[in-house]
Protein chains: 6
Amino acid sequence: MPVVTVLQGPRDVQLKRDLISKITDAFVDAYGIPADTVQVWFNEVPADSWGAAGKLIADTPK
Amino acid sequence: MPVVTVLQGPRDVQLKRDLISKITDAFVDAYGIPADTVQVWFNEVPADSWGAAGKLIADTPK
Amino acid sequence: MPVVTVLQGPRDVQLKRDLISKITDAFVDAYGIPADTVQVWFNEVPADSWGAAGKLIADTPK
Amino acid sequence: MPVVTVLQGPRDVQLKRDLISKITDAFVDAYGIPADTVQVWFNEVPADSWGAAGKLIADTPK
Amino acid sequence: MPVVTVLQGPRDVQLKRDLISKITDAFVDAYGIPADTVQVWFNEVPADSWGAAGKLIADTPK
Amino acid sequence: MPVVTVLQGPRDVQLKRDLISKITDAFVDAYGIPADTVQVWFNEVPADSWGAAGKLIADTPK
């Protein structure tokens with residue numbers, strides 16, 4: 001019963017719909033477990049609340 | 001100083017008030033530690049951002 | 001389908017056996033959900049890998 | 001720069017090698033982001049330290 | 001490529017801007033790794049969704 | 001009462017001792033909170049259990 005957490009910036013629901021399907025397929029293919037044993041949770045964090053290299057994404061030039 | 005995280009869909013505050021009290025009691029009873037050493041964090045995720053069996057909860061028939 | 005994570009120092013299996021039962025009861029009582037929808041994961045961290053007040057537990061006088 | 005965490009029981013390295021490749025492909029396909037922006041962390045928890053329905057996996061009949 | 005998560009109540013962006021810079025410096029100084037290998041994610045939880053001693057912060061006298 | 005989690009490969013205890021001190025100072029300086037309200041947990045993951053770009057660190061040429 002694996003539990004997957006995805007830390008990311010906010011994404012459109014259609015992208016999350018596509019990704020949860022593909023991640024679940026990855027478990028079914030790699031581990032041979034039933035799809036309904038796989039949970040996926042998106043933990044979406046706004047651009048003023050995460051970053052790298054010591055800077056928030058909100059402050060990072062694109 | 002255990003730290004408890006609860007990943008769940010959004011719930012009413014009264015339910016969370018009740019649960020944090022009961023989870024803390026569980027630690028006091030099982031571990032014999034003081035209640036004030038137990039932290040509980042609810043990580044609430046909307047229905048378009050988690051799911052099982054490859055589908056978002058928002059897309060899952062009830 | 002809540003997912004509970006417990007960050008703690010290592011504990012005896014009998015204590016974890018007792019706690020998982022009591023935490024699950026807390027969800028059943030507070031939320032009125034079936035016990036088999038509740039997952040609990042213990043994330044045990046040794047004393048040289050966590051701390052408070054700027055000091056590792058391994059370095060903290062009892 | 002999504003960060004994926006997989007909570008699971010211990011698995012053979014070959015299975016993890018296969019899964020990290022497939023999960024990363026899922027992000028590349030669904031989000032159109034470069035593979036090297038995707039991190040995956042396996043958080044493996046022994047059978048005496050997680051469970052469902054109020055019981056540790058170590059105590060659950062197969 | 002360490003990934004840092006900060007569970008906290010909501011804070012002003014200026015405070016997070018300052019903290020992410022200082023936490024990243026801590027890694028550069030202590031580990032001797034480049035700043036751009038350090039990610040920091042703030043997981044902000046409202047006062048009605050976390051607490052200690054069995055009480056939500058929203059219900060705790062200041 | 002912020003809770004900091006550091007996902008990383010295994011590091012020597014002396015490095016963790018140094019880092020927990022410096023991270024805690026970062027909170028005291030940036031937020032003006034007492035050091036003893038800051039918890040830090042290192043979640044150390046072996047090289048065969050995490051990676052980027054679709055490959056485990058254990059399989060990645062240095």
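Rules behind the numbers
Residues numbered from 1 in each chain as written. Chains lettered and ligands numbered in written order. Predicted model: local features only at pLDDT ≥ 70, side-chain atom pairs only at ≥ 80, totals over all residues. Heavy atoms only, no water. UniProt positions renumbered as here; feature names shortened; annotations may be inferred. Salt bridge = Lys/Arg side-chain N within 4 Å of Asp/Glu carboxyl O. Helix = DSSP H or I, 4+ residues; strand = E, 2+ residues; numbered from the N terminus. Expected span 1.5 Å × (residues − 1). Buried < 20%, exposed > 50% of the residue type's maximum accessible area, 1.4 Å probe, protein only. Arc of directions from axis to C-beta. Polar contact = N/O pair within 3.5 Å; in protein donor to acceptor, adjacent residues only side chain to side chain. Least-squares fit on C-alpha atoms with pLDDT ≥ 70 in both. Contact = heavy atoms within 4.5 Å.

- Under an unreviewed UniProt entry, chain A has the name 4-oxalocrotonate tautomerase family protein and belongs to Amycolatopsis dendrobii.
- You can read under Sequence similarities (unreviewed entry) in the UniProt record for chain A the words "Belongs to the 4-oxalocrotonate tautomerase family."

### Some remarks on the pattern of salt bridges
Move 1: Under the counting rule described, the total for this entry stands at 18 salt bridges over all chains.
Move 2: Residue K16 of chain B is joined to E44 of chain B by a salt bridge in which the shortest nitrogen-to-oxygen separation is 2.8 Å. Separated by 28 residues along the polypeptide, K16 of chain B in helix α1 (residues 13-31) and E44 of chain B in strand β2 (residues 39-44) bring together distant segments of the chain.
Move 3: Residue D59 of chain D is joined to R17 of chain C by a salt bridge in which the shortest nitrogen-to-oxygen separation is 2.6 Å. One end of the pair, D59 of chain D, is in the segment after β4 (55-56); the other, R17 of chain C, is in helix α1 (residues 13-31), on a second chain.

### A closer look at α1 of chain C
All names here are of chain C.
Move 1: Here α1 contains 19 residues, and its C-alpha end-to-end distance of 27 Å stays within 8% of the 27 Å for a straight helix at 1.5 Å per residue.
Move 2: Every buried residue of α1 is accounted for by K16, L19, I20, I23, T24, A26, F27, A30 and Y31. Across the axial projection of α1, the buried residues extend over an arc of 150 degrees, all falling on one side.
Move 3: The distance from a side-chain oxygen at the start of α1 to the backbone nitrogen of Q14 is 2.9 Å, and the residue carrying that oxygen is D12.

### Concerning the relation of the copies chain D and chain A
Move 1: Once turned by 180 degrees and shifted 0.0 Å along the axis, chain D lies on chain A with an RMSD of 0.0 Å. The symmetry that links the two subunits is that of a two-fold axis.
Move 2: Interface residue correspondence from chain D to chain A reaches 100%, placing this contact among same-surface, isologous pairings.

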